[in-house]
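Residue-level structure breakdown
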Amino acid sequence: MTLLDGGAAPTDLVKEGSDQGFMADVVEASREQPVIVDFWAPWCGPCRQLGPPLEKAVRDAGGKVKLVKINIDEHPGVAGQLGVRSIPAVYAFDQGRPIDGFMGALPESQIKLFVDRLGGADMTAEIEPLLAQAAESLKLGDIGGAAQGYAAVLQLDPENVKAIAGMARIALNAGDPEQAREILEHAPPEKANDPDIASVRAALELSANAEAVGDNDELGAAVAANPNDWQARFDYAEALSARGDLEKASEQLLAIIEGNREWNEGAARAQLLKVFEAAGPMSEVTKQGRRKLSAILFS
């Protein structure tokens, strides 16, 4: 029989496992090459969805990894020891210990990334396309797609600041600033002032006022009733930015600057710069806002 790279025959790459054989099939075997364990059950729909692409990715890896599938209905022991609460649950073992894993069914592209990375492939070329795709998904409001993209990047590069900032922004947009702060703490200390990290931090500072500012509709009505009431317009901009609508907040602040740029010692311009920082230097909010600001200041 022809052996694949790494010395594994094709029929040996995927096998059914058991509680009794776990030490030999997974723990000891992982000292020779990484072993993926797929905890599944026949009644589990997502397990049936995950199984074929996971097996395909393992076979396509050319013997660099193995897959052991364990039916938890027949062999619940190891799953219980590992704290498996839902399936499918996938664990990757290397040198006798679990080093990575994921829960639930993933898109085929992410499964391939997981397996290839575990097999030692150079995945750096995959990072930029994944970041671009995640950013576009976030822009379009596809939160699930954005989260999957950023999570895939973090599998490849756990310290990637763009992915960390992206996940933090998702948490913030979901109304969970505490989780956003916790995510930001994973950024390497030397990159704490990276523009992407600073952008989310600025957005967190703006959102901290969400409970203190007034109702958006009431403040908007006050501006409509008296467009030259700069304080009302400023308050409306604060409320909009605190609740994440940076584009409309920018518009309100630009209206103040256009009408009375020196109002309140330039408070509108200072607040506008905070909005730009929160939106990020490459965002449409910032790019269009800076163009409009320049047109106002130099007209």
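Our subject is the structure that appears above.
This report concerns the structure included in the present document. Since the model is a prediction, treat every value here as computed from it, not as a measurement.

Further remarks concern unusual backbone geometry. With an omega of 0 degrees, the peptide bond between Ile 87 and Pro 88 qualifies as cis. Counting through the fold element by element, Pro 88 comes out in the loop between helix H3 (77-81) and strand S4 (89-94). With a phi angle near 55 degrees, Glu 265 is a residue other than glycine that sits in the positive phi range. As for its placement among the helices and strands, Glu 265 is situated in the loop between helix H12 (246-260) and helix H13 (267-279).

Moving on to the nonpolar core. What tends to happen in soluble globular proteins is that the nonpolar side chains get buried as a cluster. Of all hydrophobic cores here, the largest spans 35 residues; its most connected members are Ile 197, Leu 246, Leu 253, Ile 256 and Leu 272. Counting only elements with at least two residues in this core, the list comes to helix H7 (161-173), helix H8 (177-184), helix H9 (195-207), helix H11 (230-242), H12, H13 and helix H14 (284-297). Per-element tally for this core: the top contributor is H13, with seven residues. In contact with Ile 197, not counting residues within four places along its chain, are Val 161, Ile 164, Ala 165, Leu 184, Ala 187, Lys 191 and Ala 192. Counting 21 residues, the second largest nonpolar core, distinct from the first, contains Val 78, Ala 79, Ala 89 and Phe 93.

This paragraph deals with helix H10 (residues 216-225). Among the residues making up H10, those that are buried are Asn 216, Leu 219, Gly 220 and Val 223. With its buried residues spanning 100 degrees around the axis, H10 presents them on a single face. Of the exposed residues in H10, those oriented more than 90 degrees away from the buried face are Asp 217, Glu 218 and Ala 225. In this structure Asp 215 caps H10, since a side-chain oxygen of it lies 3.0 Å from the backbone nitrogen of Asp 217.

Another aspect to go through is the sheet that holds strand S1 (residues 14-16). Across the sheet, five strands lie side by side as S1-S3-S2-S4-S5; this open sheet has mixed pairing. On the outer flanks of this sheet lie S1 and strand S5 (97-103), each paired with one strand and no other. Geometrically, the sheet is characterised by an average inter-axis angle of 20 degrees between neighbouring strands, direction not taken into account. Judged from the six bridges that link them, S4 and S5 form a sheet pairing that is antiparallel. Bridging across to S5, Val 90 finds its partner in Phe 102. Sheet strands in contact with helix H2 (residues 45-60) are S1, strand S2 (35-40), strand S3 (66-71), S4 and S5, and its direction is about 160 degrees off that of S3. Each of S2, S4 and S5 touches helix H4 (residues 108-118); the most contacted strand, S5, lies at about 170 degrees to it.

This next bit is on the pairing of S4. Of all the six residues making up S4, five are buried; the element is thus mostly covered by neighbouring parts of the structure. Taken together, the five bridges between S2 and S4 define a ladder with antiparallel strand orientation. By the bridge assignment for S4, Phe 39 is matched with Ala 89. Once S4 ends, the chain turns through two residues before running back antiparallel as S5, passing Gln 95 with a positive phi of about 55 degrees.

The subject of this paragraph is the environment of Leu 172. Structurally, Leu 172 can be placed in helix H7. As for Leu 172 and Arg 243, which are separated by 71 residues in sequence, their C-alpha atoms are 9.8 Å apart. Those residues within four positions of Leu 172 in sequence are excluded, and the remaining contacts are Pro 177, Ala 180, Ala 203, Leu 204 and Ser 207.

Cut-off values and rules
- Residues numbered from 1 in each chain as written.
- Predicted model: local features only at pLDDT ≥ 70, side-chain atom pairs only at ≥ 80, totals over all residues.
- Heavy atoms only, no water.
- Helix = DSSP H or I, 4+ residues; strand = E, 2+ residues; numbered from the N terminus.
- Core = buried A, V, L, I, M, F, W, Y, C linked by side-chain atoms within 4.5 Å.
- Buried < 20%, exposed > 50% of the residue type's maximum accessible area, 1.4 Å probe, protein only.
- Contact = heavy atoms within 4.5 Å.
- Arc of directions from axis to C-beta.
- Polar contact = N/O pair within 3.5 Å; in protein donor to acceptor, adjacent residues only side chain to side chain.
- Pairing = 2+ DSSP bridges.
- Axes fitted to C-alpha atoms, helices over the stretch in contact; angles between N-to-C directions.

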